[in-house]
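Fold and geometry: a report
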Protein chains: 2
Amino acid sequence: LAAETIITNVTPVADMYVIAVNDSAIATAAATLSIPDNAILVHTAASVSYEVLQPYAAQVGVLYPLQSLRSQMPYIPKIPFLVDAPDNIVGEQIFAFATSLSGQVAYADTKTRTQLHVGAVVVSNFVNHLYHLAYEYCEKANLPWDMLQPLIHETADRLQLLPPSQLQTGPAIRKDFATIEKHHALLAAYPQLQALYQQISSSIIHTFR
Amino acid sequence: LAAETIITNVTPVADMYVIAVNDSAIATAAATLSIPDNAILVHTAASVSYEVLQPYAAQVGVLYPLQSLRSQMPYIPKIPFLVDAPDNIVGEQIFAFATSLSGQVAYADTKTRTQLHVGAVVVSNFVNHLYHLAYEYCEKANLPWDMLQPLIHETADRLQLLPPSQLQTGPAIRKDFATIEKHHALLAAYPQLQALYQQISSSIIHTFR
């Protein structure tokens, strides 16, 4: 696979052209390219229709990677792909290409991709924010963050065995209000974490009420 | 190691006795045992002092596993241990025992253990609750939960390489209010998840303001 970040260097000999830019820049990037009629033009956005590409190529579609990717990482994680296209044959070609890269490929229209993106935000962006607040708290309170890493991994790993409702532990599900109060007081110097401690504990109590 | 759940079956021949029960039941359990003077009695609670054991044994301490453990799980995860004791020699014996089980052992007094327990609640109980809300949302909206699993694992795995502040992604850190609004509207039928979407997004925006 050839990758090109300078758009004027893109040559008109590929079978597929992949635009991987911010949602709002997709049309601008597509307008800059000259896509041959026998090639497929796709973007990688969750919440944008393939329609944005239709003025610029005869065959268009979507190839959305449901994964958090950063060029700095030394390894490539498992990447599920979601595929969409107005034409079934084009869709099958994108699907076949995705299958050559990943064991998890499915078709998903713009609405389904947008809905799944919400799930991705919750289990990745929000979870990482909780990690960040805990990390910052450990740094400031001089606590060994490294000792929390096995717990972090176990919390993710055991999802392969049971649904999360059956894995919930902690003071909130036990309705151990004495511990919740003690923790709340300990977090007085960490207002962001204190607020989320209260909100998420309430949400857990509400779930198992 | 012998394990015994029927307290009357505990024999007075061990070097160490471990009480692993709810915080409020530790003293009751200790009172039921006859601990030889040359044995060590420990409990496994984060936020309880060894003092609760002192009426019942000559040598006491704490052996707190910083891990979420369930007897149903088919494997034993990595378990960091936190050790405490009023007597240094007893502390060293508990530490040596913990080292025979785990590569991560440290001393921690009741205050430090309680503070670390708050961190554990955040990175495990709260994270699992986010998984639960996302799982329930996927079930109700007929979305493939399995396609989120690689993202869940990647979010935990990459913490080994960088601190979480450098790994934050998503609409909130980009201040992509259009996407946040779109997601908020999509969650109208999921009020618990919608509330946490708003609260955690605000917390991320506040962090990177």
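Preceding block: the structure.
The rules behind each value
- All chains use their own residue numbering, which begins from 1 and follows the written sequence.
- Whichever chain is written first is A, and whichever ligand is written first is 1; the rest continue in order.
- Per-residue local features of the predicted model are confined to residues with pLDDT of at least 70, and side-chain atom pairs are confined, for both listing and counting, to 80 or more; whole-chain, interface and lining totals are unaffected and use all residues.
- Remark: hydrogens and water are excluded; side-chain values derive from all non-hydrogen atoms of the structure.
- A helix here means a DSSP run of H or I that spans at least four residues, while a strand means a run of E at least two residues long, and both kinds are numbered starting from the N terminus.
- Exposure is judged per residue with a 1.4 Å probe applied to protein chains only, and the accessible area is read against the type maximum: over 50% gives exposed, under 20% gives buried, and values in between give partly exposed.
- The criterion for strand pairing is that DSSP finds at least two bridges linking the strands in question.
- Handedness rule for crossovers: strands pointing away from the viewer, path from the first strand over the helix to the second running clockwise, crossover right-handed.
- Note on geometry: axes are C-alpha line fits, over the in-contact stretch for helices, and angles between N-to-C directions span 0 to 180 degrees.
- To sort the angles, those under 35 degrees are grouped as roughly parallel, those over 145 as roughly antiparallel, those from 65 to 115 as roughly perpendicular, and the leftovers as oblique.
- A crossing counts as left-handed when the near helix is turned anticlockwise from the far one by less than a right angle, and as right-handed when that turn is clockwise.
- By definition, residues are in contact when any of their heavy atoms lie within 4.5 Å.
- All amino acids are sorted into three groups, where Ala, Val, Leu, Ile, Met, Phe, Trp, Tyr, Cys and Pro are nonpolar, Asp, Glu, Lys and Arg are charged, and the leftover types, Gly among them, are polar.

What is expected of a backbone is that most residues other than glycine have negative phi and most peptide bonds are trans. Its identity is not glycine, yet N142 of chain A carries a phi of approximately 60°, on the positive side. Within the secondary structure, N142 of chain A is located in the loop between α3 (110-141) and α4 (149-157).

This paragraph deals with the pairing of strand β2 (residues 40-43) of chain B. Residue and element names in this part refer to chain B. Neither face of β2 is exposed, since I40 and V42 on one face and L41 and H43 on the opposite face are all buried. As defined by bridge partners, strand β1 (residues 16-19) adjoins β2 across four bridges and the pair is classed as parallel. Each residue of the ladder has a partner; that of V18, found in β2, is V42. You can see the chain leave β1, run along helix α1 (residues 26-32) and come back into β2, and the turn it takes is right-handed. In this sheet, strand β3 (residues 59-65) lies alongside β2 in parallel orientation, the contact comprising four bridges. Each residue of the ladder has a partner; that of L41, found in β3, is V60.

Turning next to the packing of α3 of chain A against helix α6 (residues 191-207) of chain B. Direction vectors running N to C along α3 of chain A and α6 of chain B enclose 50°, while the axes themselves pass 10 Å from each other. As the angle between them shows, α3 of chain A and α6 of chain B are arranged oblique. For the pair α3 of chain A and α6 of chain B, the sense of crossing is left-handed. Together, V118, V121, V122, N125, F126, H129, H132 and L133 of chain A of α3 of chain A and L193, L196, Y197, I200, S201, S203, I204 and T207 of chain B of α6 of chain B make up the contact between the two elements. Counted by class, the contact of α3 of chain A with α6 of chain B contains 10 nonpolar, six polar and no charged residues.

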